[in-house]
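Residues per chain are reported as follows:
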Amino acid sequence: MLNLLNVVPDEKFIDNVIEYHDYTSETAHHVYVNVSLRRKQTFQYISKKHRIIQIHPRKFFKYVANNPFDGIIIHNLAAFLPNLIIKIPKEIPVMWSSWGMDIYSYPKGAPVVSIKNMHHNMTAAALKLQHPEPLISKIKSLLKTLISGESIHPDKRIQAYMNAIRRFNLFSCVVPLEYELIKRNEFFHAKYVEYHYYNTSLFGTITQIKPKSDIILIGNSAAPTNNHLEIFHHLSKLDTSKFKILAPLNYGSDNEWKDQLVKAGRTTFGNRFEPITGFLPFKEYAELLSKCSHAIFYHERQQAMGNIYSLLENGCKLFLSENSVTYQYLKSLGVQVFSIQTELTQHNLDNPLSSNLAKTNNEIVSRLIHSKSKAITELHNLYNEFTNFKQTHGN
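Residues numbered from 1 in each chain as written. Predicted model: local features only at pLDDT ≥ 70, side-chain atom pairs only at ≥ 80, totals over all residues. Heavy atoms only, no water.

### Observations regarding the overall build of the protein
The test is simple: Each helix is a run of H or I in the DSSP string that is no shorter than four residues. Each strand is a run of E no shorter than two, and both are numbered from the N terminus. The globule rule used here is 2.2 Å times the number of residues to the 0.38 power, and the radius of gyration it is set against is calculated over C-alpha atoms. Each residue is placed in one exposure class: buried if its accessible area under a 1.4 Å probe, protein chains only, is under 20% of its type's maximum, exposed if it is over 50%, and partly exposed if it falls in between. For accessible areas, the Shrake-Rupley method is used with a probe of radius 1.4 Å. Any residue's cover is judged against the shown protein chains and nothing else. Only four residue types enter the tally: Lys and Arg on the positive side, Asp and Glu on the negative side, with His and both chain ends excluded. Working definition for charges: the position is that of NZ of Lys, CZ of Arg, CG of Asp or CD of Glu.
When you go through the protein residue by residue, the secondary structure sums to 17 helices and 13 strands. Here the C-alpha radius of gyration of the protein, 22 Å, is about what a compact globule of 395 residues would show, namely 21 Å. In terms of principal-axis extent, the alpha carbons of the protein reach across some 65 × 50 × 40 Å. Looking at the protein as a whole, 51% of its 395 residues are labelled buried. When the accessible surface of the protein is split by element, carbon and sulfur atoms take 53% of a total near 19100 Å². Both charge centroids of the protein, one from 44 positive and one from 33 negative side chains, sit 5 Å from each other.

### A word on the environment of Asn-307
Stated precisely, the cut-off is as follows: In this analysis, two residues are considered to be in contact whenever any of their non-hydrogen atoms come within 4.5 Å of each other. In the analysis that follows, any N or O atom pair within 3.5 Å is treated as a polar contact, provided that within protein one partner can donate a hydrogen and the other can accept it, and provided that, for residues neighboring in sequence, both atoms belong to side chains.
Looking at where Asn-307 falls in the secondary structure, it is placed in helix 12 (residues 305–313). Separated by 88 residues in the primary sequence, Asn-307 and Gly-219 have C-alpha atoms spaced 9.4 Å apart. Setting aside anything within four residues of it in sequence, one finds Asn-307 in contact with Asn-220, Tyr-285, Leu-289 and Phe-297. Within the structure, Asn-307 has its side chain in polar contact with the side chain of Tyr-285 (distance 2.5 Å).

### As for the pairing of strand 8 (residues 213–218)
Applied cut-off: A pair of strands is treated as paired once DSSP finds two or more bridges between them. Here the term right-handed applies to a crossover when the path leading from its first strand over the helix to its second strand runs clockwise, the strands being oriented away from the viewer.
Relative to strand 11 (residues 292–297), strand 8 runs parallel, the two sharing 4 bridges. Within the sheet, the bridge partner assigned to Ser-213 lies in strand 11 and is Cys-292. For the segment spanning strand 8, helix 9 (residues 228–236) and strand 9 (residues 244–248), crossover handedness is right-handed.

### A closer look at the sheet that holds strand 12 (residues 317–320)
Rules: Each axis is a line fitted through C-alpha atoms, taken for helices only over the stretch in contact, and angles between the N-to-C directions span 0 to 180 degrees.
Sheet architecture is open: 6 strands sit in the order 10-9-8-11-12-13, paired in parallel fashion. Each edge of the open sheet carries a strand with a single partner, namely strand 10 (273–276) and strand 13 (338–339). Strand direction decides the pairing type here: strand 8 and strand 9, joined by 3 bridges, are parallel. In the sheet register, Leu-217 faces strand 9, and the bridge partner there is Leu-246. Its contacts with the sheet put helix 9 on strand 8, strand 10 and strand 11, and the angle it makes with strand 8 is roughly 140°. Against the sheet, helix 10 (residues 255–269) contacts strand 9 and strand 10, and its axis sits at roughly 160° relative to strand 10.

### With respect to unusual backbone geometry
Residue Tyr-106 is joined to Pro-107 through a cis peptide bond whose omega torsion reads -5°. Looking at where Pro-107 falls in the secondary structure, it is placed in the loop between helix 4 (101–104) and helix 5 (121–128). In this model, Asn-117 sits at a positive phi of 55°, which is unusual for a non-glycine residue. Tracing the chain through its elements places Asn-117 in the loop between helix 4 and helix 5. Its identity is not glycine, yet Ala-304 carries a phi of approximately 65°, on the positive side.

### Focus: the environment of Lys-263
Examined against the element boundaries, Lys-263 turns out to sit in helix 10. Exposure remark for Lys-263: the relative accessible area of 63% places this residue in the exposed category.

### Digging into the nonpolar core
Our working definition: Only buried Ala, Val, Leu, Ile, Met, Phe, Trp, Tyr and Cys residues count toward a nonpolar core, and they belong to the same one when joined by side-chain atoms within 4.5 Å.
Leu-5, Val-7, Phe-60, Ile-72 and Ile-182 are the most contacted members of the largest nonpolar core, which totals 41 residues. Here this core takes 5 residues from helix 7 (residues 154–167), the largest share from any one element. With sequence-adjacent residues up to four places away left out, Val-7 is seen in contact with Val-33, Val-35, Phe-60, Ile-72, Ile-73, Ile-74, His-75 and Phe-80. Membership of the second largest hydrophobic core comes to 28 residues, among which are Leu-217, Ile-276, Cys-292 and Ile-308.

### Some words on the sheet that holds strand 3 (residues 52–55)
Read across the open sheet, the 7 strands follow the order 3-2-1-4-5-6-7; overall the sheet is parallel. Only two strands of the sheet have a single partner each, and these edge strands are strand 3 and strand 7 (191–192). Sheet topology note: the strand 6 (residues 170–172)/strand 7 ladder contains 2 bridges and is parallel. Each bridged residue has a counterpart across the sheet, and for Leu-170 the counterpart in strand 7 is Lys-191. Running at roughly 165° to strand 2 (residues 28–35), helix 1 (residues 14–22) makes contact with strand 1 (2–7), strand 2, strand 3 and strand 4 (71–75) of the sheet. Strands strand 1, strand 2, strand 4, strand 5 (94–97), strand 6 and strand 7 of the sheet are contacted by helix 17 (residues 372–392), whose axis makes an angle of about 105° with strand 1.

### Regarding the packing of helix 12 against helix 16 (residues 355–369)
Keep this limit in mind: We call two directions roughly parallel when the angle between them is under 35 degrees, roughly antiparallel when it is over 145, roughly perpendicular when it lies between 65 and 115, and oblique otherwise.
Following both chains from N to C, one finds helix 12 and helix 16 inclined at 135°, their axes separated by 7 Å at the closest point. With respect to their mutual orientation, helix 12 and helix 16 come out oblique. Of the residues in helix 16, those touching helix 12 at Tyr-309, Leu-312 and Glu-313 are Ala-358, Asn-361, Asn-362, Val-365, Ser-366, Leu-368 and Ile-369.

Shown next as structure tokens:
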């Protein structure tokens, strides 16, 4: 039986990862560690706390040395210390499960994959007017860097991140096209493996398309990469008087930026603008998504795939940037999505997605995320990669 170590951050996806892996408990034993500078991490998002072992960075190698792991999976490189990855013994295969932010936004100052116009003009200009980071925050960040053992010099941190990437043997990403982008880097040598975070509660289920309300969803978070201001401006030139404008702003940015988006939304749409600023339980948020007739995600990078799949299988008319890998990937699958640049028109707002196209999108997405056999096959294929590495390297 394979013994695999999962290095995980405190994020909402991890509970699903644990449940997913448990479907193959007869084949692989998964251990989960959270590497943190805090002596006792209080988890905000992970509910399966009893499955998580907390380890200080300085004790990570001792823990690895004392346990015969057949492989290590790093879930989101941006949440881990690159200088630790470099030192993992070569006989242990290491996999990087990329979330997106760890290639588009890291290392800071020189991202692994650089996306042109990540922030569009209005958003970029507004960001420049934000108040600078408070001095106390800068001091805390510096102390955290020093305690973790990372360099305080940006160039050295960039090099450490690249060296960590050079160490990886396997790589998975949210959208396959991301692999084509990252492999252009000379320091990237990992083999691509298909591995996704499945919500096991969806296995074998069928999503019934519900009647829609006149609701336009804008973005998936308060993150500036949603380019809210551009969408607000574009919609201000169209007749949206019959629509409620919904914007999830409950995470992804600081309060100053959120407040600016709320002010801009209310200035543009008045009382029809409804920002989501507090936490919503998953079922309540999913129910809200199922009612949306239209959704607009102006990301230039891969982002919000969970939201996107939920909207598509529920028959929502979805608009994306035609330059994004998400748009290109969905189009390659035969999904009917619309271009913000050329198709966000009055006609397309006045007319919801046809029942035939909604049914087609529903069926395609269902095959992607509802198939238990597909999901388990992915895991067994991944285990084969770890086993092959072990055999090839004589362990």
